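Observations on the model geometry
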Amino acid sequence: MMKKKRFAYRVYPTVDQQQVLARSFGCARAVYNDYVARRNALFEAGENLAEDSDVTARKVLVDAKQPGGDRTYLAEVSAVMLQQSVRDAQQGFANFFASVSGKRKGPKMRPPRLKSKRQTTHKIRFTRNANFRLEHVPGQKWGWLKLPKMPPIKTRMTRVLPSEPSSVTITQWADGTYEASFVVEVAPKPALAPTYQAAGVDLGITDLAIITTDTGDARKVANPRMLKRAQRKLGRLQRSLSRRAKGSANRNKARVKVAKQHRKVAHARKDYHHKVARQLVDETQALAVEDLHVAGLITNRRLAKAISDVGWGMLQRLIREKANEAGRQVHVIDRFYPSTQLCSTCGHKDGKKPLHIRSWACSACGTVHDRDINAAKNIMIAAGLSEIANDCGGCIRPHPGDGSPYEAVTPSQHAPQTA
Ligand SMILES: [Zn+2]
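These remarks concern the structure in this document. Here the structure is a predicted model, which is why all the values come from computation and not from measurement. (Residues numbered from 1 in each chain as written. Predicted model: local features only at pLDDT ≥ 70, side-chain atom pairs only at ≥ 80, totals over all residues. Heavy atoms only, no water.)

**Focus on the overall build of the chain**
The number of helices and strands found in the chain is 10 helices and 14 strands. In the chain, which comprises 419 residues, the proportion classed as buried is 41%. Across the chain, contacts joining residues at least 24 apart in sequence account for 64% of those joining residues at least 6 apart. Surface accessibility of the chain: about 23,300 Å² in total, with carbon and sulfur atoms responsible for 52%. (Helix = DSSP H or I, 4+ residues; strand = E, 2+ residues; numbered from the N terminus. Buried < 20%, exposed > 50% of the residue type's maximum accessible area, 1.4 Å probe, protein only. Contact = heavy atoms within 4.5 Å. Areas by Shrake-Rupley, 256 points an atom, 1.4 Å probe, with all protein chains shown as cover.)

Right, dumping it as structure tokens:
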């Protein structure tokens, strides 16, 4: 089975090309906003919202090209790109309605809003029928991206594009740099034989992840130093930005610096998370992770920054994606499962542990636990991936994975017997 993947490259448009792109971003935004406004007007007029969204889309695109209208400049840019922009707005409404009706899972979505000229990131997308083309001689550093209605754009080829792309998205980031991101189909690499049958993963703030395996190995995956350094620099630049007077040239310079550093941090983190997820999936057959519901945790303001800095949400998503691709299992443990409170040796529920408690001794069996390693073990146990014999020998702790994760594990049932 082929997989869709994105391949992104920096592109370096000339000043002229930058102007064409700016015009294209503006046109894409205009038809997007036309579509949103038309749907909103239909809604306010009490019209049937089920009006075929394709009908509205066609009206928007036809009106856009009406000769003598105030939008004649739209004819100067690629029609495919305008179609794609309207399609994005359509998709936005489709997602919104699916979310309202409960067909779409996850947090409730808002309807698409009008796009502002002042937003800092701009995107346009071209599909196959726009006849875009990437010219690149393998082994050469530079390639040329040919988009409709403009001369080829210089493209930094950091790796070879493996097959014909089905679409390309051009993005202008807040720091003024440009990127071309291609969607291509690739055959997934065959998965290696796993070293471990099972592993539990606990995500943390001090360490990015704590991993325990069925063979009893435990390791902590630290947040890399380069990421910490980049984050410190980001903090410094942000403080400098907040000191500049609003609307001043210096403020704008500071804003670009912050945006650049943001991108660097995001890049470094993404790269690192890819590597961590790759190793985890390669070496393990069945993984147990916590359903952390990152969006909910972020409402705790004290933890919000730390959590979005480590990027749990992205790491979780990458682990699931890669596991899925490689045919590994992922067991998701309910987020209310008390993984930090249970003793992974005897199952005794030892009560809440404040964050500063890094290690503790179980009051029932006396085992001294590293807080995070114990939590990772419990996650593995809860998923039914581990059966641990306790000290009394032969008496196996039934894993809560059999029932609801809410199920309390009572000490009397599982405490080691002294008889
Ligand atoms: Zn214990």
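Past the structure itself, the notes keep going.
**Some words on the coordination of the zinc ion**
Donor atoms from the polypeptide that bind the zinc ion are Cys-343 (SG), Cys-346 (SG), Cys-362 (SG) and Cys-365 (SG), placed at 2.2 to 2.3 Å. With four donor atoms in place around the zinc ion and angles of 108 to 111° between them, the coordination shape is tetrahedral. The sequence pattern formed by the donor residues of the zinc ion is C-x2-C-x15-C-x2-C. (Donors = N, O, S within 2.8 Å, 3.2 Å for Na, K, Ca; no water. Tetrahedral: all angles 85-135°; square planar, octahedral: opposite > 155°, others 65-115°.)

**Section: the nonpolar core**
Within the largest apolar cluster, 40 residues are counted, with the highest numbers of intra-cluster contacts made by Phe-126, Leu-147, Val-168 and Ile-170. Secondary structure elements with two or more residues in this core: strand 1 (3-12), helix 1 (15-44), helix 2 (53-64), helix 3 (79-100), strand 2 (122-127), strand 6 (167-172) and strand 7 (178-186). Of the residues forming this core, the biggest block, eight residues, is contributed by helix 1. Look past the residues within four positions of Phe-126 in its chain and what remains in contact with it is Ser-78, Val-80, Met-81, Phe-132, Leu-147, Pro-148, Ser-167, Val-168 and Ile-170. With 21 residues, the next largest nonpolar core counts Ala-209, Leu-280, Trp-312 and Leu-315 among its residues. (Core = buried A, V, L, I, M, F, W, Y, C linked by side-chain atoms within 4.5 Å.)

**Quick word on the packing of aromatic side chains**
As enumerated under the stated definition, the model contains six aromatic pairs in all. Considering the side-chain rings of Tyr-12 and Trp-142, the 5.6 Å spacing of their centres and the 75° angle between planes classify their relative orientation as edge-to-face. Taken together, the positions of Tyr-12 in strand 1 and Trp-142 in strand 4 (residues 142-146) put the pair 130 residues apart, joining distant regions of the chain. Take Tyr-12: its relative accessible area is 35%, and that puts it in the partly exposed class. The exposure class of Trp-142 is partly exposed, given its relative accessible area of 29%. Geometrically, the ring pair formed by Phe-132 and Phe-182 is tilted, given 6.4 Å between the ring centres and 40° between the ring planes. In this pair, Phe-132 is assigned in the loop between strand 2 and strand 3 (133-135) and Phe-182 in strand 7, connecting sequence segments 50 residues apart. (Phe/Tyr/Trp six-rings, centres within 6.5 Å; stacked < 30°, edge-to-face > 60°.)

**A word on the pattern of salt bridges**
Scanning all chains against the criterion turns up 13 salt bridges. Between Arg-128 and Glu-164 there is a salt bridge, with the nearest N and O atoms lying 2.7 Å from each other. Residue Arg-128 is found in the loop between strand 2 and strand 3, and its partner Glu-164 is found in the loop between strand 5 (153-156) and strand 6; the two are separated by 36 residues along the sequence. A residue is classified by how much of its surface remains accessible, and Arg-128, at 34% relative accessible area, is partly exposed. (Salt bridge = Lys/Arg side-chain N within 4 Å of Asp/Glu carboxyl O.)

**A few points about the environment of Arg-335**
With respect to the helices, strands and loops of the structure, Arg-335 is situated in the loop between strand 12 (329-333) and strand 13 (359-361). Look at Arg-335 and you get partly exposed, because its relative accessible area is 39%. Expressed as a C-alpha distance, the spacing of Arg-335 and Val-289, which sit 46 residues apart in the sequence, is 9.6 Å.

**Considerations on the sheet that holds strand 11 (residues 284-290)**
Strand order across the open sheet formed by five strands is 10-9-8-11-12, with mixed pairing between neighbours. Because the sheet does not close on itself, it has two edges, and the strands there are strand 10 (218-222) and strand 12. Between one strand axis and the next, the sheet turns through 20° on average, direction left out of account. Here five bridges tie strand 8 (residues 196-203) to strand 9 (residues 207-213), and the two strands are oriented antiparallel to one another. Across the sheet, residue Asp-202 finds its bridge partner in strand 9, namely Ile-210. Against the sheet, helix 9 (residues 371-382) engages strand 8, strand 9, strand 10, strand 11 and strand 12, with an angle of about 125° to strand 8. (Pairing = 2+ DSSP bridges. Axes fitted to C-alpha atoms, helices over the stretch in contact; angles between N-to-C directions.)

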